[in-house]
Amino acid sequence: MNYLLSWIFQADLPVAAFPSRAELVPEPLGVILVISCWNFPFGVSLEPLIGAIAAGNTVVLKPSELAPASSSVLANTIHTYLDNKAIKVIQGGPSIGEKLLQQKWDKIFFTGSAKVARIVMTAAAINLTPVAVELGGKCPAIVDSLSSSWDKEIATKRILAAKFGTCAGQACIAIDYILVEKKFSTTLVKLLKAYILSMFGEIPKESVGRIINKNHCSRLRKLLDEPSVKATIVHGGSYDEDALFMEPTLLVDPPLKSEIMTEEIFGPLLPIITVEKIEDSIEFIKSRPRALAIYAFTNNETLKKKLASETSSGSVIFNDAIIQYIADSLPFGGVGESGFGRYHGKFSFDMFTHEKPVARRSFLTDFWFRYPPWNDQKLQIFKSAYRFNYFEIILIILGLKKS
Amino acid sequence: MVVDVAEVVTELKATYTSGKTKSYEWRESQLKALIKMANDHEKEIIEALRSDLNKPEFEAFVHEISTVKSSCKLALKELRRWMSPEKAKTSSTTFPSSAEIVSEPLGVILIISTWNYPFLLSLDPVVGAIAAGNAVVLKPSEIAPATSLLLSKLLGEYMDSSAVKVVEGAVPETTALLEQNWDKIFYTGNGKVGRIVLAAAAKHLTPVILELGGKSPVVVDENINLEVATRRIIGGKWASNCGQTCVSPDYVITTKAFASKLIDALISELEKFYGNEPLKSLDLSRIVNSSHFNRLTKLMDDEKVFGKIVHGGQQDKTNLRIAPTILLDVPEDSMIMNEEIFGPLLPIITVGKIEDSINVIHAREKPLAAYLFTNDKKLMDVFVGSVSAGGLCINDTTLHVIVLPGL
């Protein structure tokens, strides 16, 4: 009897909900504000735009004024190629940004620094606007003592590409600093130096990206100028502020309290921190704010497991870097100080979608025990229904079971 | 005793860092403890809800206690699956590679609860936070003091107090809590305080979830089973904490031609539910406090609105009770049509054709819920396609949040 009833009543739905059908209907949020940044001005402007459009929203894009040529090209091309009644580019600096933030949006998507993210969130609070913030952090790369020369070569190349080869280190997921065992550090430094030469040539000025502007150039220079930091430079260290160039620079064990080790570097300076045992790097990372990515170059499965389960970060990548950005099946976004909200691939669609639950009921059956006046019998029925004890319900209805 | 909020957070952060809350066993033990707590102390919970809201035992059991237990049971059933990593496809651009998405807790969560379903709306988010492996601080609403005190006592007894804490209090305590650095804040309440929560969270870049409310409309078409529909409207309105529910039907929209039939049906069913002296009915919650009572009487006593009352309107200030009240065609610019009512007043707005009701809804902010009673499939499709709300329910009210676990 119970079996028959449970088949009829669909065991998963409490009896008061029978019969009903429910679904989640994705709908656009409305009008989205996308605030982009200067280091990947095309990528970081268009990727959220794609998601917002795919989800059926209208969009205003504010590109970064620090990348004016890209901002201008974006404005012209988007207005030419896309429906400019629904998608607009508004160019400008902080004052335009401020005006935009005073408007009422259905969501704001921000990529940039933590400082500006706070301003965006505070402004959004006034209209209860949901926000997603993509920030950065100090993304560490743990380099284990690799034995095979093939592994060493690949690891070194990937590290260098993920630092100096990615917008001169001005990327939220660039490798910020390295952690390596003392006994392997000399080998690593030698390898890094050799491959910097082969990858960026004798005149790196021609092959390494520029620093975005004088402000950032002098910020980076100041990081190096600290005497206790300067003393730890083992490669590079030169710069040409007029040309907005900083040479790929390696440092070994700069003081942990120095700014280069407490602030996100966002430039072509690579500190190498040595630890006694490679496992110590996990504690090192844990004691610092959560980054957008943690990298580890290792074949040690135990170390990998420990790292993934004991640390928290936007993502964890083993034996490569930056690559997670192009993996559309992986959500891209931060946690803690590296931000919140995730996108890329379907996650972009979801970010700008409201999944609306729609429940449908029929008039056919209506259970009288849902409604007042309440009495013990009705309460008993509900308690039995809650326990999916349909047989008991029938007994109560027939008056054969008292409360 | 003033709680040192910063110390509470430090302790919880230390517990979280120790890794204790991440294990399956810990999460399972806490969820089971919540169920045991709800079972062992059902009577006290019902009494606290009676004290705070005069909530009928039926509502206390069905809306609050059994829903919390259901949430725990669902979490226990699915926990291993929810906790396990999700394999992600990798494409040729990153070949060869493998990838997965691993769920991990955020850390230490602040849950700020509210007064209308003080048990449910405190514990439902706690269930989620614990199932996800976080440490939690719960701040229950001081406007439901009996439940707040009971939650503090019971959670202290049943839960792991190195990871789950209750901080009672009002504005000063909440302000102190909001100054701390949380990994996420979950707030249930009104938009005004929601803004304060967001602004405080912005300082620490803390992600926030806001569960607010709105004016949830009910569109009532003709050619329906009117008896069932009115029972369900009454169920979602007056039988749900006397209309003090975030997804309660706030106002009704129907055609001019159908309005009087609907009103008659509502009046008839209301009498069956609450008798002809509803102010004395034990099956109706009271208004939570005199501040809300005054707010509601002000909505009703407005000179533009008072004359539109077609049923009810009786008030009992001493016992904080207001009778189920129906109003017909109040002016669109009256306060009762521009603020979330959150009480036992039901304005009915009439339109020429039922399709016009969509315009009435669109003229307002998106609500938390929207309801439609109809047998017209085309109208259903138009409604679902064009009404944006937290959730929709066709041919019933509130059921989609109270009873269906998947939504």
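Cut-offs applied
Residues numbered from 1 in each chain as written. Chains lettered and ligands numbered in written order. Predicted model: local features only at pLDDT ≥ 70, side-chain atom pairs only at ≥ 80, totals over all residues. Heavy atoms only, no water. Helix = DSSP H or I, 4+ residues; strand = E, 2+ residues; numbered from the N terminus. Rg over C-alpha atoms; globule rule 2.2 N^0.38 Å. Buried < 20%, exposed > 50% of the residue type's maximum accessible area, 1.4 Å probe, protein only. Contact = heavy atoms within 4.5 Å. Areas by Shrake-Rupley, 256 points an atom, 1.4 Å probe, with all protein chains shown as cover. Lys, Arg positive; Asp, Glu negative; His and termini not counted. Charge placed at Lys NZ, Arg CZ, Asp CG, Glu CD. UniProt positions renumbered as here; feature names shortened; annotations may be inferred. Buried area = accessible area lost by both parts, 1.4 Å probe. Salt bridge = Lys/Arg side-chain N within 4 Å of Asp/Glu carboxyl O. Pairing = 2+ DSSP bridges. Axes fitted to C-alpha atoms, helices over the stretch in contact; angles between N-to-C directions. Right-handed = clockwise from strand over helix to strand, strands pointing away. Arc of directions from axis to C-beta. Polar contact = N/O pair within 3.5 Å; in protein donor to acceptor, adjacent residues only side chain to side chain. Patch = residues over 30% accessible without salt bridge, like charges linked within 9 Å, V, L, I, M, F, W, Y side chains within 5 Å. Phe/Tyr/Trp six-rings, centres within 6.5 Å; stacked < 30°, edge-to-face > 60°. Lys NZ or Arg CZ within 6 Å of the ring centre and 35° of its normal. Parallel < 35°, antiparallel > 145°, perpendicular 65-115°, else oblique. Nonpolar A, V, L, I, M, F, W, Y, C, P; charged D, E, K, R; others polar.

Concerning the overall build of chain A
Phase 1 of the analysis: Counting secondary structure elements, chain A contains 15 helices and 17 strands.
Phase 2 of the analysis: Taken over C-alpha atoms, the radius of gyration comes to 28 Å for chain A, far larger than the 22 Å a tight globule of 403 residues would show.
Phase 3 of the analysis: Overall, the C-alpha framework of chain A stretches about 95 × 55 × 35 Å when taken along its three principal axes.
Phase 4 of the analysis: Split into buried and exposed, the 403 residues of chain A put 52% on the buried side.
Phase 5 of the analysis: Considering only contacts within chain A whose residues lie at least 6 apart along the sequence, 67% involve residues at least 24 apart.
Phase 6 of the analysis: A total accessible area of about 17900 Å² is found for chain A, and carbon and sulfur atoms account for 59% of it.
Phase 7 of the analysis: For chain A, the centre of its 44 positive side-chain charges and the centre of its 40 negative side-chain charges are spaced 6 Å apart.

Some words on the UniProt feature "active site" (unreviewed entry) in chain B
All names here are of chain B.
Phase 1 of the analysis: UniProt records the feature "active site" (unreviewed entry) for Glu211 and Cys246 in the present numbering. A compact arrangement is adopted by the annotated residues: their sequence extent is 36 residues, whereas the largest C-alpha distance between any two is 8.8 Å.
Phase 2 of the analysis: With respect to the element layout, glutamate 211 can be found in strand β7 (residues 208–211).
Phase 3 of the analysis: Setting aside chain neighbours within four positions, we find glutamate 211 in contact with Phe186, Tyr187, Thr188 and Gly189.
Phase 4 of the analysis: Looking at the element boundaries, cysteine 246 is found in the loop between α9 (226–236) and β9 (251–255).

A look at the interface of chain B and chain A
Phase 1 of the analysis: Between chain B and chain A, the residue contacts involve 72 residues of the former and 60 residues of the latter.
Phase 2 of the analysis: Here chain B meets chain A over a buried area of about 5200 Å², counting both sides, of which 62% is carbon and sulfur.
Phase 3 of the analysis: There are 6 salt bridges connecting chain B and chain A.
Phase 4 of the analysis: Lysine 104 of chain A is paired through a salt bridge with glutamate 365 of chain B; the nearest N and O atoms lie 3.1 Å apart.

Considering the sheet that holds strand β6 (residues 184–188) of chain B
Residues and elements named next belong to chain B.
Phase 1 of the analysis: Spatial ordering of the open sheet is given by β5-β4-β3-β6-β7, a layout of 5 strands whose pairing is parallel. Two strands lie at the open edges of the sheet, namely β5 (164–166) and β7, each paired on one side alone. Sheet twist, expressed as the average angle between the axes of neighbouring strands with direction ignored, equals 15°.
Phase 2 of the analysis: Relative to β5, strand β4 (residues 135–139) runs parallel, the two being bridged by 3 bridges. Residue pairing across strands places valine 137 opposite lysine 165, the latter belonging to β5.

With respect to the UniProt feature "active site" (unreviewed entry) in chain A
Residue and element names in this part refer to chain A.
Phase 1 of the analysis: Residues annotated by UniProt as "active site" (unreviewed entry) correspond here to Glu134 and Cys172. In sequence the annotated residues extend across 39 residues, while in space they remain close, none of their C-alpha pairs exceeding 8.7 Å.
Phase 2 of the analysis: Examined against the element boundaries, glutamate 134 turns out to sit in strand β6 (residues 131–134).
Phase 3 of the analysis: Residue classification places glutamate 134 among the buried positions, given a relative accessible area of 2%.

Looking at the pairing of strand β15 (residues 315–318) of chain A
Phase 1 of the analysis: Of the two faces of β15 of chain A, the one lined by Ser315 and Ile317 of chain A is fully buried and the one lined by Val316 and Phe318 of chain A carries no buried residue.
Phase 2 of the analysis: After leaving strand β14 (residues 293–297) of chain A, the chain enters helix α12 (residues 301–310) of chain A and then returns to the sheet as β15 of chain A, a path that is right-handed.

Observations regarding α12 of chain A
In an α-helix, one turn spans 3.6 residues; hence positions three or four apart end up facing the same way.
Residue and element names in this part refer to chain A.
Phase 1 of the analysis: Every buried residue of α12 is accounted for by Leu303, Lys304 and Leu307. The arc enclosing the buried residues of α12, seen along the axis, measures out at 100°, which places them on a common side. Away from the buried face of α12 by more than 90 degrees, exposed residues Thr302 and Lys305 are located.
Phase 2 of the analysis: Its buried side turned inward, α12 meets β7 (140–143), α11 (280–286), β14 and β15.
Phase 3 of the analysis: One side-chain oxygen at the N-terminal end of α12 lies 3.0 Å from the backbone nitrogen of threonine 302; it belongs to asparagine 300.

A look at the sheet that holds strand β5 (residues 107–111) of chain A
Residue and element names in this part refer to chain A.
Phase 1 of the analysis: The sheet built from 6 strands is open, its strands ordered β4-β3-β2-β5-β6-β16 with mixed pairing. Where the open sheet ends on each side, the last strands, each with one partner, are β4 (87–89) and β16 (339–340).
Phase 2 of the analysis: One ladder, built from 2 bridges, connects β6 with β16; its direction is antiparallel. By the bridge assignment for β16, glutamate 134 is matched with glycine 339.
Phase 3 of the analysis: Against the sheet, helix α4 (residues 94–102) engages β2 (31–35), β3 (58–62) and β5, with an angle of about 155° to β3.

Focus: a nonpolar patch on the surface
Phase 1 of the analysis: Taken together, the side chains of Ile53, Tyr81 and Leu82 of chain A make up a nonpolar region of the molecular surface, amounting to roughly 310 Å² of accessible area.
Phase 2 of the analysis: The topology assignment puts tyrosine 81 of chain A in helix α3 (residues 68–81).

Side note on the pattern of salt bridges
Phase 1 of the analysis: On inspection of all chains with the given rule, the structure shows 44 salt bridges over all chains.
Phase 2 of the analysis: In this structure, lysine 356 of chain A and glutamate 27 of chain A form a salt bridge, with 2.7 Å as the shortest nitrogen-oxygen distance. Residue lysine 356 of chain A is located in strand β17 (residues 353–361), and its partner glutamate 27 of chain A is located in strand β1 (residues 20–28); the two are separated by 329 residues in the primary sequence.
Phase 3 of the analysis: What makes lysine 356 of chain A buried here is its relative accessible area of 0%.
Phase 4 of the analysis: Residue classification places glutamate 27 of chain A among the buried residues on the basis of a relative accessible area of 10%.
Phase 5 of the analysis: When the shortest N-O distance is used, the salt bridge between glutamate 277 of chain B and lysine 280 of chain B registers 2.9 Å.
Phase 6 of the analysis: Classification of lysine 280 of chain B as exposed rests on a relative accessible area of 61%.

Structural notes on the packing of aromatic side chains
All names here are of chain A.
Phase 1 of the analysis: Tallied over the entire structure, the rule returns 12 aromatic pairs over all chains.
Phase 2 of the analysis: Taking the centre distance of 4.8 Å and the plane angle of 65° together, the rings of phenylalanine 109 and tyrosine 343 count as edge-to-face. With phenylalanine 109 in strand β5 and tyrosine 343 in the loop between β16 and α13 (346–351), the pair connects residues that are 234 residues apart, well separated along the chain.
Phase 3 of the analysis: A centroid spacing of 6.3 Å and a plane angle of 90° characterise the contact between phenylalanine 164 and phenylalanine 200, whose relative ring orientation is edge-to-face. Here phenylalanine 200 lies in helix α7 (residues 182–200) and phenylalanine 164 lies in the loop between α6 (149–163) and β8 (177–181), a separation of 36 residues in the sequence.
Phase 4 of the analysis: Linked through ring pairs, Phe109, Tyr325, Phe332, Tyr343 and Phe352 together constitute an aromatic cluster.
Phase 5 of the analysis: If you follow arginine 288 out to its NZ or CZ, it ends over the ring of phenylalanine 284, 3.6 Å from the centre.

With respect to the packing of helix α4 (residues 57–83) of chain B against helix α5 (residues 120–131) of chain B
Residue and element names in this part refer to chain B.
Phase 1 of the analysis: It is the contact of α4 with α5, at a shortest axis distance of 9 Å, that shows an interaxial angle of 5°. Between α4 and α5, the crossing angle belongs to the class labelled roughly parallel. Contact with α4, carried on its side by His63, Glu64, Thr67, Val68, Ser71, Cys72, Ala75 and Leu79, involves Leu120, Leu123, Asp124, Val127 and Ala131 of α5 and no other residues of that element.
Phase 2 of the analysis: Counted by class, the contact of α4 with α5 contains 8 nonpolar, 3 polar and 2 charged residues.

Concerning the pairing of β4 of chain B
Both faces of the sheet carry side chains from a regular strand, because those side chains alternate between them.
Residues and elements named next belong to chain B.
Phase 1 of the analysis: In terms of burial, β4 is a largely internal element, 5 of the 5 residues being buried.
Phase 2 of the analysis: Judged by which residues are buried, β4 turns out to be covered on both faces: Ala135, Val137 and Lys139 on one side and Val136 and Leu138 on the other are all buried.
Phase 3 of the analysis: Alignment of strand β3 (residues 108–112) against β4, held across 5 bridges, turns out to be parallel. Bridging from a neighbouring strand, leucine 110 pairs with valine 137 of β4.
Phase 4 of the analysis: At this point the chain moves from β3, through α5, to the parallel β4, and the crossover so formed is right-handed.
Phase 5 of the analysis: Running through helix α6 (residues 145–158), the crossover from β4 to the neighbouring parallel element β5 is right-handed.

Section: the environment of glutamate 173 of chain B
Residue and element names in this part refer to chain B.
Phase 1 of the analysis: In this structure, glutamate 173 sits in helix α7 (residues 171–179).
Phase 2 of the analysis: Accessibility expressed as a relative area gives 29% for glutamate 173, which makes it partly exposed.
Phase 3 of the analysis: In this structure the C-alpha to C-alpha distance between glutamate 173 and leucine 327, which are 154 residues apart in sequence, comes to 40 Å.
Phase 4 of the analysis: Only 2.9 Å separates the side chain of glutamate 173 from the backbone nitrogen of alanine 170, close enough to count as a polar contact.

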